[in-house]
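Residues per chain, in single letters:
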Amino acid sequence: SLWAADQQAKALARVEQASGLIQSHMTADMMHDAIRGDVLALLRAAERGDQAGIRDARSDLTEHKANFSESMKGIDLFNAEGDLRARVEAVRPLVRAYMAGADRVAGVATAQPDQLERDYRSFLNDFTALESGMETISESIEAEVTTIVADATNFHAIARTIVLGGMFLSIVLAVLIGIAARRYVVRPVEKLIRSVSEMTAGNLSVALADLTRADEIGQLGRAVDLFRRQLLDAREAAERVRKEQTD
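Thresholds applied
- Residues numbered from 1 in each chain as written.
- Predicted model: local features only at pLDDT ≥ 70, side-chain atom pairs only at ≥ 80, totals over all residues.
- Heavy atoms only, no water.
- Axes fitted to C-alpha atoms, helices over the stretch in contact; angles between N-to-C directions.
- Helix = DSSP H or I, 4+ residues; strand = E, 2+ residues; numbered from the N terminus.
- Parallel < 35°, antiparallel > 145°, perpendicular 65-115°, else oblique.
- Contact = heavy atoms within 4.5 Å.
- Nonpolar A, V, L, I, M, F, W, Y, C, P; charged D, E, K, R; others polar.
- Expected span 1.5 Å × (residues − 1).
- Buried < 20%, exposed > 50% of the residue type's maximum accessible area, 1.4 Å probe, protein only.
- Polar contact = N/O pair within 3.5 Å; in protein donor to acceptor, adjacent residues only side chain to side chain.
- Phe/Tyr/Trp six-rings, centres within 6.5 Å; stacked < 30°, edge-to-face > 60°.

**Remarks on the packing of helix 2 (residues 51-76) against helix 3 (residues 82-107)**
And then number 1: Look at helix 2 against helix 3: their axes get within 12 Å of each other, and the N-to-C directions meet at 170 degrees. Between helix 2 and helix 3, the angle falls in the class roughly antiparallel. Between helix 2 and helix 3, the contacting residues are Arg-58, Leu-61, Lys-65, Phe-68, Ser-69, Met-72, Ile-75 and Asp-76 on the first element and Arg-85, Val-88, Val-91, Arg-92, Val-95, Tyr-98, Met-99, Ala-102, Asp-103, Ala-106 and Gly-107 on the second.
And then number 2: Broken down by class, the residue content of the contact of helix 2 with helix 3 amounts to 11 nonpolar, two polar and six charged.

**Things to note about helix 2**
And then number 1: Given a rise of 1.5 Å per residue, 26 residues ought to cover 38 Å, and the 38 Å separating the end C-alpha atoms of helix 2 matches this to within 8%.
And then number 2: Of all the positions in helix 2, only Gly-53, Ile-54, Ala-57, Leu-61, His-64, Lys-65, Phe-68, Ser-71, Met-72, Gly-74 and Ile-75 are classed as buried.
And then number 3: A distance of 3.3 Å separates the backbone nitrogen of Ala-52 from a side-chain oxygen at the start of helix 2, and that oxygen is part of Asp-50.

**Here we look at the packing of aromatic side chains**
And then number 1: All told, the structure shown has three aromatic pairs when counted by the stated rule.
And then number 2: Feature note: the residues Tyr-98, Tyr-120, Phe-123 and Phe-127 constitute an aromatic cluster, connected by ring pairs.

What follows is the structure, encoded as structure tokens:
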């Protein structure tokens with residue numbers, strides 16, 4: 001029916017929005033760590049008197065702050081309501097304080113040790129507070145994805161009941177349509193939702209199915225897979241930066 005088709009389109013759109021939400025949040029989380037790495041790199045360069053290193057660290061800091069801001073805007077595009085919206089709003093001042101703290105440390109990298117130490121301690125406190133805030137957003141995103149899965153499941157049940165009732169005199173055709181819909185639409189959507197849920201939990205090695213399909217489901221799957229690979233590359237890059245900074 002037209003209603004079922006409309007609900008299916010809405011379900012697919014919601015899944016696509018959820019994948020964008022996950023990408024934005026994971027990128028924001030990585031940029032949150034990257035900014036701390038930039039500050040540490042800047043301090044080490046300042047200790048050595050390495051002016052080139054200071055310039056590079058400040059440049060990286062500017063880039064990562066911009067990426068962090070863009071990722072937070074990506075979370076806004078989801079137009080979340082309720083608990084997720086409240087937690088995002090609660091994190092905003094923590095984000096501003098964290099980035100301002102990073103700027104203060106960067107601005108006094110060559111200042112007196114006492115002042116630099118005070119600013120750095122304050123920055124670490126901002127980092128810890130923001131880390132806790134980002135964790136609450138992650139919990140809300142997981143709950144949001146769970147709700148999407150539940151809504152999709154309810155839609156399948158309702159759509160099946162309406163189709164069977166409306167096609168009472170053509171029960172065989174209705175069954176065939178239901179089987180085909182479940183095989184080619186419902187199951188791929190459910191698989192994609194489960195994959196998105198695993199990505200929310202941090203599993204970026206999840207294998208996505210139906211990537212070779214030529215329809216909207218295939219396009220959505222390839223888009224989610226592209227996000228997954230980009231996030232995996234970003235995670236690996238961030239890990240390499242952490243290791244280099246540790247060494």
